[in-house]
2 protein chains.
Amino acid sequence: MTDKTSPRIKADSPPSSFTLDAIGRIESDYPDKFGIPRQPGLVRASRARLVLLPPYDDPLTVRALEDFSHLWLTFVFHRSPTRWTPLVRPPRLGGNAKVGVFASRSTHRPNRLGLSLVELTGIDTSKGVRLGLRGHDLLDGTPVLDIKPYLPWAESLPEARTGFAPEAPPQRPVVFTSEVEAMLAARSDGDSLRELITQVLAQDPRPAYRNGVEDRRYGLRLRDVDVRFRAEADASGEIILRVVEVVNVRGGP
Amino acid sequence: MTDKTSPRIKADSPPSSFTLDAIGRIESDYPDKFGIPRQPGLVRASRARLVLLPPYDDPLTVRALEDFSHLWLTFVFHRSPTRWTPLVRPPRLGGNAKVGVFASRSTHRPNRLGLSLVELTGIDTSKGVRLGLRGHDLLDGTPVLDIKPYLPWAESLPEARTGFAPEAPPQRPVVFTSEVEAMLAARSDGDSLRELITQVLAQDPRPAYRNGVEDRRYGLRLRDVDVRFRAEADASGEIILRVVEVVNVRGGP
């Protein structure tokens, strides 16, 4: 840092553009963007698999990974547009205030790079390499660029100062109609699907400026179903989300 | 996750290769790889600047970033070879045992992606955008691909289970000869350089299999100096690192 005034341009400057290959791809409970929690860890019931691609699917690449409970995944927001903007409107600020794109986790960012801390539930090396994940926030088909173990002694900083996102977002109560309860009871994965729907809707996936009661019915896809819900007020006036229909949209388990 | 047996190859599969651009470049106390601490946060005295590159150097891109104390930087290990290996020998295991590359933070990995949690000390937008950083582990010239704010409520998991790296590595005592003390006292940045040398050598940057007393003298570059040191035993037999010479190798401050 001898030059205090200008970026140093050196004759041997490294390239400023890099070609990166997906090392794996995500198979996820989230077939669509709408409804995906805004950070990993908020929906512990969400399950995914990370399937490594050749030539990275050698079981040696994950030797000793099972000793770590949590992983960092670096991935590409492949369904976001490649254009980026210097300012974004984080949902946490109600969609009104703008902050810099690098002060946010917005998907509309240069390079479309995502970073998620996920729980590792298992490793299957019977045919290639598949990692079982929990608590993720990853769209089905997401290309993954890297896997790193989480190191709590280096990366757990509970006292770090935050700006507009000082704590986990509040959660909405979620209720189900009796018809939906009956539909879930008839499914082999009914319990885990009910837990997933509850945790996803508790985040209130509606646009940030839609935070009150609405007549409108929303739909979101989870696994093989379309979940339809609406926002109501309970007796005390608190907003609750009611699941009014769960419709199978492709072959279920 | 309807298909339990094989990776799904879809007609509309997203591309598996991506071209990413550096959004900035690091100006660092570490001109060479040798001596860089093996994780960020271990050497709090290390300072760096991240200089954003056009068109990302718009001050709007970092609006509200100053409210966060820590940042994630995703970067490229640009001086590491592009070849990768399925197994690596982490220094933490003495360089003997091999683990999978994805169970490590090795630089010899697919895509050469690095991830560092660094402290943000200031933002200068008087001419482009420069972020002041502390506690980093980044080589001078490192191309940075993304900046994200650290969210302790989502990313601080002190109870996460770790494998071969369960805690911060032990530290060596570091001592200086009187000649070196005199040389440092004569520099305007002597105090901060002394602190930096102490913290860097405390990590014992020698190869993992070199952990005893040695006649050999090692050299490493920090800022504009070459630091020469050797490993000795103190009266009780404990290994200490002694700084025997600090040589100015380019124009100092």
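Residues numbered from 1 in each chain as written. Chains lettered and ligands numbered in written order. Predicted model: local features only at pLDDT ≥ 70, side-chain atom pairs only at ≥ 80, totals over all residues. Heavy atoms only, no water.

So the rule is basically this: UniProt positions are given in the numbering used here, feature names are shortened, and annotations may be inferred rather than shown by experiment.
In the annotation of an unreviewed UniProt entry, the entry for chain A reads TsaA-like domain-containing protein, and the organism field reads Litchfieldella anticariensis. UniProt, in its Sequence similarities (unreviewed entry) section for chain A, records the words "Belongs to the tRNA methyltransferase O family."

1. Re the relation of the copies chain A and chain B
Note: a rotation about an axis with an accompanying shift along it relates these two copies of the chain. In plain terms, the rule: Copies overlap after least-squares fitting; the atoms used are the C-alpha atoms of residues with pLDDT of at least 70 in both.
Expressed as a screw operation, the relation of chain A to chain B combines 0.0 Å of axial shift with a rotation of 180 degrees, fitting to an RMSD of 0.0 Å. In the structure described here, the two chain copies are related by an operation that fits a two-fold rotation axis.

2. A short note on the interface of chain A and chain B
You'll often see interface size given as the accessible area lost when the parts meet. Rules: Contacts were defined at the residue level, with two residues in contact if any of their heavy atoms lie within 4.5 Å. Accessible area that two parts lose when put together, with a 1.4 Å probe and added across both, is what the buried area reports. For this analysis, a salt bridge means a side-chain nitrogen from Lys or Arg found within 4 Å of a carboxyl oxygen belonging to Asp or Glu. Polar contacts here mean pairs of N or O atoms no more than 3.5 Å apart (in protein, one a potential hydrogen donor and the other a potential acceptor; neighbouring residues in sequence count only if both atoms are side-chain atoms). Where helices and strands are cited, they refer to DSSP runs of H or I of at least four residues and of E of at least two residues respectively, numbered from the N terminus.
On the chain B side, the residues contacting the 99 residues of chain A number 99 residues. Overall, the association of chain A and chain B removes approximately 8,800 Å² of surface from exposure, summing both partners, and the carbon and sulfur fraction of that is 59%. The interface formed by chain A and chain B holds four salt bridges in total. Glu155(B) serves as the salt-bridge partner of Arg105(A), at 2.3 Å between the closest nitrogen and oxygen. Taken together, chain A and chain B are joined by 45 residue pairs in polar contact (both at pLDDT 80 or more). At the level of secondary structure, the elements contributing two or more residues to the side of chain A that touches chain B comprise strand E1 (17-21), strand E2 (24-28), strand E3 (47-52), strand E4 (70-76), strand E6 (99-100), strand E7 (113-124), strand E9 (143-149) and helix H1 (152-155) of chain A.

3. Brief notes about the sheet that holds strand E7 (residues 113-124) of chain B
Residue and element names in this part refer to chain B. Selection rule: Pairing between two strands is assigned when DSSP locates at least 2 bridges connecting them. Every angle, taken between N-to-C directions, lies between 0 and 180 degrees, and every axis is a line fitted to C-alpha atoms, over only the stretch in contact when it is a helix.
Around the barrel, which closes on itself, the six strands sit in the order E2-E3-E8-E7-E4-E9 with antiparallel pairing between neighbours. Each strand axis lies, on average, 45 degrees off the axis of its neighbour in the sheet, ignoring direction. One ladder, built from five bridges, connects strand E4 (residues 70-76) with strand E9 (residues 143-149); its direction is antiparallel. The residue bridging Trp 72 from the neighbouring strand is Lys 148, located in E9.

4. Looking at the UniProt feature "domain: TsaA-like" (unreviewed entry) in chain A
Per the UniProt record, the feature "domain: TsaA-like" (unreviewed entry) sits at residues 20-159 of chain A. Secondary structure over residues 20-159 of chain A splits into 3% helix and 34% strand, and the C-alpha atoms at its two ends are 34 Å apart.

5. Things to note about the side chain of Gln39(B)
Tracing the backbone through its elements, the reader meets Gln39(B) in the loop between strand E2 (24-28) and strand E3 (47-52). Sequence-distant contacts of Gln39(B), defined by excluding residues within four places in its chain, comprise Leu151(A), Trp153(A), Arg105(B) and Asp137(B).

6. Observations concerning the pattern of salt bridges
Put simply, the rule reads: Here the term buried applies to any residue with accessible area under 20% of the maximum for its type, exposed to any over 50%, and partly exposed to those in between, with areas from a 1.4 Å probe on protein chains only.
Using the criterion set out here, one finds 42 salt bridges over all chains in the structure. Residues Asp226(B) and Arg228(B) are paired through a salt bridge, measuring 3.0 Å at the closest nitrogen-oxygen approach. Relative accessible area serves as the criterion here: at 13%, Asp226(B) is assigned to the buried category. For Arg228(B), a relative accessible area of 24% corresponds to the partly exposed category. Connected via shared salt-bridge partners are Asp29(A), Arg187(A), Asp189(A), Arg223(A) and Asp224(A).

7. Points about the sheet that holds strand E11 (residues 218-222) of chain A
All names here are of chain A. The strand order across the open sheet formed by four strands is E10-E13-E12-E11, and the pairing between neighbours is mixed. If you trace the sheet from one side to the other, it starts and ends with strand E10 (174-176) and E11, each paired once. Strand-to-strand twist across the sheet, computed as the mean angle between neighbouring axes with direction ignored, equals 35 degrees. As paired strands, E10 and strand E13 (residues 239-248) are joined by three bridges and run parallel to one another. The partner of Val 175 across the bridge, within E13, is Arg 242.

8. Regarding the domain arrangement of chain A
Residues and elements named next belong to chain A. Stated precisely, the cut-off is as follows: Note that the domain bounds were set by an automatic or database domain assignment. Following the grouping adopted for this structure description, the nonpolar residues are Ala, Val, Leu, Ile, Met, Phe, Trp, Tyr, Cys and Pro, the charged ones are Asp, Glu, Lys and Arg, and the polar ones are all others, Gly among them.
Annotation of chain A at the domain level lists domain 1 (24-155) and domain 2 (174-248). Of note, the centres of domain 1 and domain 2, computed from C-alpha atoms alone, are 24 Å apart. Roughly 1,400 Å² is buried in total at the junction of domain 1 and domain 2, and carbon and sulfur atoms are behind 60% of that figure. Area buried by domain 1 at its contact with domain 2 is led by Asp 29, Phe 34 and Ala 45, which between them contribute 40% of it. Here domain 1 is connected to domain 2 by one salt bridge. For Arg 223, the salt bridge identified is with Asp 29, shortest N-O distance 2.9 Å. Across the contact surface, domain 1 and domain 2 share four residue pairs in polar contact (both at pLDDT 80 or more). Class assignment of the residues belonging to the side of domain 1 that touches domain 2 gives a composition of eight nonpolar, four polar and four charged.

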